[in-house]
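Breakdown of the fold
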There are 2 protein chains.
Amino acid sequence: MIKHALPVTREADFAAWYQAVITEADLAEESGVRGCMVIRPWGYGIWERIQRLLDDRIKATGHENCYFPLFIPLSYFEKEAEHVEGFAKEMAVVTHHRLVADGEGGLVPDPEAKLEEPLVIRPTSETVIGTAFARWVQSWRDLPVLINQWANVVRWEMRTRMFLRTAEFLWQEGHTAHANAEEAREETLKMLEVYRELAEDCLALPVIAGEKPENERFPGAVATYSIEAMMQDGKALQAGTSHFLGTNFAHAQNIRFQNANGELEFANTTSWGVSTRMIGGVIMVHGDDDGLRVPPRIAPWQVVIVPMLRDKPEDAELIDYCKALQADLAKQSALGEPVRALLDLKPAKAATKRWGWVKKGAPIIVEVGPRDMAGGNVSVVRRDRLYREDGKLDSAILGRDAFVGDVADMIADVQAQLFADADARLKSNIAPVDDWATIEAMFADSAAKPGWFDVAWSRPTGAELDKVVERLKALKLTIRNAPMGQTGHPGAACIFTGAPAVERVLIGRSY
Amino acid sequence: MIKHALPVTREADFAAWYQAVITEADLAEESGVRGCMVIRPWGYGIWERIQRLLDDRIKATGHENCYFPLFIPLSYFEKEAEHVEGFAKEMAVVTHHRLVADGEGGLVPDPEAKLEEPLVIRPTSETVIGTAFARWVQSWRDLPVLINQWANVVRWEMRTRMFLRTAEFLWQEGHTAHANAEEAREETLKMLEVYRELAEDCLALPVIAGEKPENERFPGAVATYSIEAMMQDGKALQAGTSHFLGTNFAHAQNIRFQNANGELEFANTTSWGVSTRMIGGVIMVHGDDDGLRVPPRIAPWQVVIVPMLRDKPEDAELIDYCKALQADLAKQSALGEPVRALLDLKPAKAATKRWGWVKKGAPIIVEVGPRDMAGGNVSVVRRDRLYREDGKLDSAILGRDAFVGDVADMIADVQAQLFADADARLKSNIAPVDDWATIEAMFADSAAKPGWFDVAWSRPTGAELDKVVERLKALKLTIRNAPMGQTGHPGAACIFTGAPAVERVLIGRSY
């Protein structure tokens, strides 16, 4: 039996395993500040890679980055009624702008420095950005406005979980204004597709893109779309959303323009975002019982070289051999970018370092000992196939030059393999179901990991939808989305109402 | 006489001119949130370039990026006494985590959701990062810790000025821990040099690097170093700081490690930062009466192509000509990176667009009309030399291919020219002075822009230093820094105390 690197397996306790990956891979840690985490270099490095890849795509689709204030005056939230309703509950509120000594060696908010109007730490920036749009947009010539910001936002969560749900998190939020609804809808779907492509091609996360049901819409939106990824425990993770806001926010914030005929019209707006939550998805899709496995495109280092040093004079020669290897690897190009190769010279034992990189999930780990060097070789471990059939570590001795020549293919292959594995899992865990009883039976067994169900529904609204939501809630289920590109008849009656169905939706448990 | 593009000149009203550049170049605007600005795409694009160039250098010197919480519990500030004293006054304080309806259609902080311990929005992160260092550092093997974060910070300023002093601003803050004071001092100076090089080579801002006097030290620091740039009105702008913190923060936060002999020691720490304030410096050093001039290394677009369209079918051919030009320019490499060329197809008149880019300060503006196209030419304006001697716009008709071939040199030349002009100004406006009377006389005339004075001093401390500071304050002067690399005798008696001098310092007015 293989003795794995983590203290707990996915099978034994998925939640504890998730936390163990985060700790053992040095991704993040508790900060001592309620609900907020410290993102450590390896976790932040993954985020930086995601940022870079997404930012390039955001710019390539014509958007420009800006920066808007962290603080939103309370009154801004009072304007869009539905939006307030959706967000008003849990937000961090700044009420004072000064501290004073309390006379006992401590500090307190200065009663003299109470703000006239409290400021909310942005939970999202529709209101403050909409106010700017109202200034910027006067004529049809000013449209479209296509902007994005990378920022921190705060939602005061009662139960937090690293990456998945933290009080403060990092994200990008795109905001656009358009001359008509058609253009705005097109934008909403264009960015949904950018997210799908980012998730699948860069993060190796297969996702289902689709429209959220009415009850899961962003507060104030006309339509909300999402990409949904399946975790190894069968639960869904909403990994990105794109909202068509119609003229709702334009009405609240007075975003109006003169059209080509000189008439005043309200703009149609959109917003869309992905966050550090995506890293939670990467962990739960690609992690295994030895730690994280980072897809090469988002790995801060794709190849890590660990020299087997012995604190002897001969070390110098070995280090030179490794430096030359690192330099040659950096000259290679994999997946369209120069290979990112690290030489790990930290003062620790080679075996400790090797297992450290296994837990962190570096795609390729290269060990080099004096014997490797003498033979012009390197010992190579691929993180996506760590063990041989006999349960031993699968470390292959390769000619040094042959390895350099093959490294680009090897990196691309790790990327493809991680996606293929996850994709097969996703596909085999979505079951078309025609009757409610089957679903109830599946979830009666709490040990089962049934994945998602693909059902036909009549898209009920209002009170009828509330009933559906309640029925699902009893099994801790939610409607994830109605996948894009549905053509033809959904093929059955609505599983909830029995009425003629209009589309198919995915239901499942979720994070 | 030249009719300039801005409504106000530097000569007439420098402060109003500064604001006009920000508005006319679309750099930033008031947000409606007290003391906070909206950074618009052109301003944010400059910041992104600065970030990229600095981030590369921060990583090349061995640092890794992380992310720490926005919120700092009040108690963290109470630990380092001097630090509290320096920062306690004006900070944004979060006291509640929920809003409720006030029953009159508005929202108020929920009295039921008052935080037990108020949270301060970070004004800087020494305290929260130091707390993490205390967890991370156990042994000498864990040192050095070399990290950085890109973040927003808040200091509640009473009088704000865009980029120079805003309640919220963007910056990077590096934080490091070392096994001994020598290494920490070395790190402090290494990053000071990185800042000098960034300012001079990338932002084309000549600066003086040096040590701040005791009274200008960061709260809790043993030594603070700065780079100081000279604005066109002769005032100084502190454009970056690097602090050697000794063991002060390590004591407050208990950052201790076991040394190689098994003894427990306190770590020595450093911190260093630059912010969006640098953009204020770029404006006041490189701006002219026609707007901003952006040094090519930090220009989001280095070459902007403005086609002279006439809303006629022939436009299509002209656009194709311009697209091919843009593609060929993008294949060139200038200052070590691919040329960033934009084709401006916005619906506006060519002359309006040209002047828009002049005000924004794009380094090279290329206009292409049907006649240019017919002759295989382009009309090129260099932003650093906008007018001919006769006062007309200096637009040169160049062969299209010759221009493409020369563009890299032209870009490098604009970068060099901006630096050379600023450097000559800096050097000619620093005057060595031996007696206080000369300084008083210079500042008696309020219209004069005397620049900085280079004086010898005895480096007084305590009450004696307070007196010097008061004397300077009466003339609105401060000691900027004691330039690095001073060797030999300072050459005169202390201008303040008459005592034997130990070094030379620069004094001047400042932002």
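Not measured: the values here are computed from a predicted model. (Residues numbered from 1 in each chain as written. Chains lettered and ligands numbered in written order. Predicted model: local features only at pLDDT ≥ 70, side-chain atom pairs only at ≥ 80, totals over all residues. Heavy atoms only, no water.)

As for the overall build of chain A
- Each helix and strand counted, chain A has 14 helices and 27 strands in total.
- Computed over its C-alpha atoms, the radius of gyration of chain A comes to 26 Å, within 12% of the 24 Å expected for a compact globule of 511 residues.
- Along the three orthogonal principal directions, the C-alpha set of chain A runs to about 80 × 65 × 55 Å.
- The long-range fraction of contacts in chain A, counting pairs at least 24 apart against all pairs at least 6 apart in sequence, stands at 70%.
- Just so you have it, chain A exposes about 20,400 Å², and 50% of that area is on carbon and sulfur atoms.
- Between the centroid of the 58 positive side chains of chain A and the centroid of its 73 negative side chains there is a distance of 4 Å. (Helix = DSSP H or I, 4+ residues; strand = E, 2+ residues; numbered from the N terminus. Rg over C-alpha atoms; globule rule 2.2 N^0.38 Å. Contact = heavy atoms within 4.5 Å. Areas by Shrake-Rupley, 256 points an atom, 1.4 Å probe, with all protein chains shown as cover. Lys, Arg positive; Asp, Glu negative; His and termini not counted. Charge placed at Lys NZ, Arg CZ, Asp CG, Glu CD.)

Topic: the side chain of His97(B)
- Here His97(B) lies in the loop between strand E5 (93-96) and strand E6 (99-101).
- Of note is the side chain of His97(B), whose polar atom sits 3.1 Å from the side chain of Glu90(A).
- Excluding anything up to four places from it in sequence, His97(B) contacts Lys89(A), Glu90(A), Met91(A), Ala92(A), Trp156(A), Met158(A), Ala113(B) and Leu115(B). (Polar contact = N/O pair within 3.5 Å; in protein donor to acceptor, adjacent residues only side chain to side chain.)

Quick word on the interface of chain A and chain B
- Contacts between the two partners involve 65 residues from chain A and, on the opposite side, 65 residues from chain B.
- Carbon and sulfur atoms supply 62% of the area that chain A and chain B bury against each other, a total of about 5,500 Å² over both sides.
- Counting the surface chain A buries against chain B, the share from its top three residues, Tyr67(A), Leu99(A) and Leu107(A), is 12%.
- There are six salt bridges connecting chain A and chain B.
- Linking Arg98(A) and Glu90(B) is a salt bridge whose minimum nitrogen-to-oxygen distance equals 2.7 Å.
- Run the count over chain A and chain B and you get 34 residue pairs in polar contact (both at pLDDT 80 or more).
- For the side of chain A that touches chain B, the element with the most residues is helix H2 (residues 41-60) of chain A, which contributes six residues. (Buried area = accessible area lost by both parts, 1.4 Å probe. Salt bridge = Lys/Arg side-chain N within 4 Å of Asp/Glu carboxyl O.)

Points about unusual backbone geometry
All names here are of chain A.
- Between Leu143 and the following residue, Pro144, the backbone shows a cis peptide bond with an omega angle of -5°.
- Mapped onto the elements of the fold, Pro144 is located in the loop between helix H5 (126-136) and strand E9 (145-154).
- Located in the positive-phi region is Asp26, a residue other than glycine, with phi close to 55°.
- The backbone of Ala204 shows a phi angle near 55°, a positive value even though the residue is not glycine.
- In this structure, Ala204 sits in the loop between helix H6 (181-202) and strand E11 (207-211).

Quick look at the pairing of strand E17 (residues 303-307) of chain B
All names here are of chain B.
- Summarising burial for E17: five of the five residues are buried, a large majority.
- Here E17 shows two buried faces, one formed by Val303, Ile305 and Pro307 and the other by Val304 and Val306.
- In this structure, E17 lies alongside strand E20 (residues 341-343), joined through three bridges in parallel fashion. Its bridge partner lying in E20, Val304 is registered against Leu342.
- Sheet topology places E17 next to strand E21 (residues 364-368); five bridges connect them, and they run parallel. By the bridge assignment for E21, Val304 is matched with Ile365. (Buried < 20%, exposed > 50% of the residue type's maximum accessible area, 1.4 Å probe, protein only. Pairing = 2+ DSSP bridges.)

A closer look at the sheet that holds E17(B)
All names here are of chain B.
- The sheet built from five strands is open, its strands ordered E20-E17-E21-E22-E23 with mixed pairing. The sheet is open, and its two borders are formed by E20 and strand E23 (395-399), each paired with just one other strand. The sheet shows a mean angle of 25° between the axes of neighbouring strands, taken without regard to direction.
- Across the face of the sheet, helix H12 (residues 400-428) comes into contact with E17, E21, strand E22 (377-382) and E23 while running at roughly 5° to E22. (Axes fitted to C-alpha atoms, helices over the stretch in contact; angles between N-to-C directions.)

Re the domain arrangement of chain A
Residues and elements named next belong to chain A.
- Splitting chain A by domain gives domain 1 (14-72 + 127-286), domain 2 (296-426) and domain 3 (430-508).
- Spacing between the C-alpha centres of domain 1 and domain 2 amounts to 34 Å.
- The partner domain 2 presents 18 residues to the 23 residues of domain 1 that form the contact.
- Between domain 1 and domain 2 the total buried area reaches about 1,900 Å² when both faces are included, carbon and sulfur atoms providing 67% of it.
- Interface area lost by domain 1 to domain 2 is led by Trp42, Arg49 and Pro206, which between them contribute 36%.
- Across the contact surface, domain 1 and domain 2 share three salt bridges.
- Residues Glu337 and Arg49 are paired through a salt bridge, measuring 2.6 Å at the closest nitrogen-oxygen approach.
- Our count for the contact surface shared by domain 1 and domain 2 stands at nine residue pairs in polar contact (both at pLDDT 80 or more). (Domains from an automatic or database assignment.)

So, the relation of the copies chain A and chain B
- At an RMSD of 0.0 Å, chain A and chain B line up after a rotation of 180° and a shift of 0.0 Å along the axis. These values place the two chain copies in the arrangement generated by a two-fold rotation axis. By C-alpha distance to the rotation axis, the residue of chain A lying nearest is Val94(A), at 2.0 Å.
- Mapped onto chain B, 100% of the interface residues of chain A are again interface residues, and the two copies thus contact each other with one and the same surface. (Least-squares fit on C-alpha atoms with pLDDT ≥ 70 in both.)

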